[in-house]
Amino acid sequence: MGEALEIQNKPDAELKAKMANAIRALSMDAVQKANSGHPGAPMGLADVATVLFADHLKFDAGNPDWHDRDRFVMSAGHGSMLVYSLLYLTGYPGMGIEQIKNFRQLGSPTAGHPEYGHAAGIETTTGPLGQGITTAVGMALAERMQNQKLGDAVIDHYTYAIAGDGCLMEGISQEAISMAGHLQLSKLIVLWDDNNISIDGELNMACSDDQLKRFEASGWHTQQIDGHDMDAISAAIAEAKASDSPSLIACKTIIGFGAPNKQGTASTHGSPLGDEEIALTRMKLGWTSAPFEVPEDVLNAWRAVGSQGSETRAQWLTQFDALSEDEKAALVSPVTDAVKQELSKAIVGVKQKFVEGSEKLATRISSKKVLDEILPVIPGMVGGSADLTGSNGTKTDQYAPVNRGEFGGNYIHYGVREHGMGAVMNGISLHGGFLPYSGTFLVFSDYARGAIRLSALMEQPIGYVMTHDSIGLGEDGPTHQPVEHLASLRAMPNLNVFRPADSVECAECWELFASQDKTPAILSLTRQGLPLLRNDATAENKCALGGYVLKEADGERDVTLIGTGSEVSVAMDAAKLLEADGLKVAVVSLPCWELFEAQGSDYQWKVLGDAPRVGVEAAVEQGWSKWLGSNGQFIGMTGFGASGPANELFEHFGITAEKVADAARRVTGNA
């Protein structure tokens, strides 16, 4: 498996050098025209990238969605012009010279950092350092998992990531390195741009790690080479492909290679070279073409590289065609139309069980029961937890762990690696064929936030099961009690924050997450038991509108009580107290603000009404004003929590039916 690709009419060394210089020229010209960007990394990595694409990478530029292609991740996303140059030169659709000229311009696919979905060939959004290498771990893991299901003839590809010093300094990289080494993801190859330069200057000002020993300690195969020696680069990649372990190749490069006065310095890292230095660079490299022009023989050589995988793809299609229609569809997306129909039936069934049982359950337990029913319906659903499996309720009756050499399971033990867990799930989702979810405590969503944000930005359907979602977790105290987290997560675009009030809502929230493919979700779930508030088990998904009237007033409303999650039952109890006073009370459940906001003002008014409103949530008030109006009142947290039994904490912080009723009396003038 470690040999280079069999390529006809392979370019000779002289032509390959020109091919690398084409990357350098396009990169420095595009950055100069934009007067913004990072020319140093693309210029330093041009030789590495040329060898990788010309000699080893399995891809077909004309068919960028070929599922068994090798994945290429530019973890050092600031070096985006390396990616864009390669996409243009190899002939990816939609990446012409005009896109290169419009680097970093509004509306151009050649954004400052590579953005998934903006152009064919961009496998993931990178820029926040460390995210790319960790996402690559997820891709490599997904490859092994699909390979075990479908075999080498259908799934057998590598994942390559180019990482810089910054990627390896970010803490998430250790989570990635450790996890990949533990699982022995042998189809993962990381090419480290070892140039000893960061934005501030020489790397030794901030870092003196022995990276090879670091990777070796986690079970990686390592090599160190001259990143400008093309023969050495190709031999190292071939050796890495033959290894039974994930591989790191330390490529000693010169940042800004070819710039006579600036190469090897921080000045090439994040600034244009300047017209004078570019002219001198052209002379040093022997590059006589005008800006944005590539000699015909060089461009033809690159286009030949772009098409050299077409025959391999054609052979693969014969294996693909032998799959069933369901297998073909599930290869990329596990939630097909047929699966959605079965999912809906399963959700109705589990709702019926909840109604019949009428148990008081923590929603983390309700969630586990829902997962027990829907995992058999969605074979590509893969779960996990950051070392909180029992607490999160993510381990189902169908539990089959993914282990080193045993990749056919459906559950990943991520260890205490919340940030890495999120980025690995991004990679699993981007690879295709899986619907990932995993759990931790809601308070630790802070650790995973960088990855959650990229899930949202890339429109990936990732399920973040966040349990122990309030002071209701009790004795673990304020370090573990989230108060600001709901508001913080609701502020993030394209992220659905679900906070179900009971078991039935929990089932509906899982259905809403699993039946779409563009939006990640937070499932905010309780540790403490909650009463069953819904006794309907029909196919109607009331949570789909984000909010609805759980209990209507007996006549014209005097007040509307609004709650989420565990506090909806508090609002229901408060309604009984108020009705004993003769007030007409409606109770609204808002399990997902984002979906409710999407309904528009007419539906929102229909649900919320024009009577005074009181909101209750065991979290900070931020964001509630949009639902409460100018005269509404909020019952919730105003600071951090405390250590103690949950019921005592709710009393202590005044999140009770009595306090909600008192607030309702005030807003209605009945205090």
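First, a word on scope: everything that follows refers to the structure included in this document.

## Observations regarding the pairing of strand β8 (residues 381-385)
Summarising burial for β8: five of the five residues are buried, a large majority. Burial along β8 is two-sided: the residues Met381, Gly383 and Ser385 and Val382 and Gly384 are all buried. Relative to strand β10 (residues 435-441), β8 runs parallel, the two sharing three bridges. Residue pairing for β10: Met381 is matched across the bridge by Leu435. Relative to strand β9 (residues 411-413), β8 runs parallel, the two sharing three bridges. Following the sheet pairing, Ser385 is matched in β9 by His413.

## A short note on the packing of helix α5 (residues 131-150) against helix α17 (residues 418-431)
The geometry of α5 relative to α17 is characterised by a closest axis approach of 7 Å and an angle of 55° between their N-to-C directions. If you check the angle between α5 and α17, you find them oblique. In terms of crossing hand, the pair formed by α5 and α17 is right-handed. Contact with α5, carried on its side by Gln131, Thr134, Thr135, Val137, Gly138, Met139, Leu141, Ala142, Glu143 and Gln146, involves His419, Gly420, Ala423, Val424, Asn426, Gly427, Ile428, Leu430 and His431 of α17 and no other residues of that element. The class makeup of the residues in the contact of α5 with α17 is eight nonpolar, ten polar and one charged.

## Section: the sheet that holds strand β3 (residues 188-194)
Taken together, five strands build an open sheet; the order of strands is β1-β2-β3-β7-β6 and the sheet is parallel. In this open sheet, the two edge strands, each paired with only one partner strand, are β1 (71-74) and β6 (221-226). The mean angle between the axes of side-by-side strands here comes to 15°, regardless of whether they run parallel or antiparallel.

## What about the sheet that holds strand β12 (residues 496-498)?
The sheet built from six strands is open, its strands ordered β9-β8-β10-β11-β13-β12 with parallel pairing. With partners counted over all chains shown, the strands left at the sheet margins are β9 and β12, one partner each. Here the strands of the sheet are splayed against their neighbours by 20° on average, with no regard to which way each runs. Each of β8, β10, β11 (463-467), β12 and β13 (521-524) is contacted by helix α20 (residues 503-514), which is oriented at about 135° to β10, the strand it contacts most.

## Thoughts on the environment of Phe634
Positionally, Phe634 belongs in strand β18 (residues 633-635). Note: C-alpha distance between Phe634 and Ile562 (72 residues apart in sequence) is 9.4 Å. Apart from the residues within four sequence positions on either side, Phe634 is in contact with Gly615, Val616, Glu617, Ala619, Val620, Glu621, Trp624 and Leu628.

## Comments concerning the nonpolar core
Formed by 125 residues in total, the largest nonpolar core has its most connected members in Leu141 and Trp302. Sort the elements by how many residues they give to this core and helix α1 (residues 13-34) lands first, with eleven residues. In this structure Leu141 touches Met179, Leu183, Leu185, Val402, Phe407, Ile412, Val424 and Ile428, once residues within four positions along its chain are discounted. Ranked by size, the runner-up nonpolar core spans 46 residues in total, among them Leu343, Phe354, Val370 and Phe634.

## Details of the environment of Ala41
In this structure, Ala41 sits in helix α2 (residues 40-56). A sequence separation of 227 residues divides Ala41 from Thr268, and the C-alpha atoms of the two residues are 8.2 Å apart. Beyond its immediate sequence surroundings of up to four residues, Ala41 is in contact with His78, Gly79, Asp193 and Ile255.

What counts and what doesn't
In this convention, every chain numbers its residues from 1, walking through the sequence in written order. Where local features are concerned, this predicted model is filtered to residues with pLDDT of at least 70; where side-chain atom pairs are given and counted, the filter is 80 or more; whole-chain, interface and lining totals use all residues. Side-chain metrics rest on all non-hydrogen atoms present in the structure, leaving aside hydrogens and water. The buried label goes to any residue with under 20% of its type's maximum accessible area, the exposed label to any with over 50%, and the partly exposed label to all in between, with areas taken from a 1.4 Å probe on protein chains only. Only runs of H or I of at least four residues qualify as helices and only runs of E of at least two qualify as strands under DSSP, and these elements are numbered from the N terminus. Pairing between strands is defined by DSSP: at least two bridges between them are needed. Axes, fitted as lines to C-alpha atoms, cover a helix only where it is in contact. Angles between the N-to-C directions of the axes lie from 0 to 180 degrees. For this classification, under 35 degrees means roughly parallel, over 145 means roughly antiparallel, 65 to 115 means roughly perpendicular, and everything else is oblique. For any pair of crossing helices, the crossing counts as left-handed if the nearer helix is rotated counterclockwise from the farther one by less than a right angle, and right-handed if it is rotated clockwise. Note on definitions: a residue-residue contact is assigned when non-hydrogen atoms from the two residues lie within 4.5 Å. In this classification, the charged set is Asp, Glu, Lys and Arg, the nonpolar set is Ala, Val, Leu, Ile, Met, Phe, Trp, Tyr, Cys and Pro, and all remaining amino acids, among them Gly, are polar. The term nonpolar core refers to a set of buried residues drawn from Ala, Val, Leu, Ile, Met, Phe, Trp, Tyr and Cys, joined through side-chain atoms within 4.5 Å.

It is worth stressing that arrangement in space is one thing and function is another; only the former is reported here.
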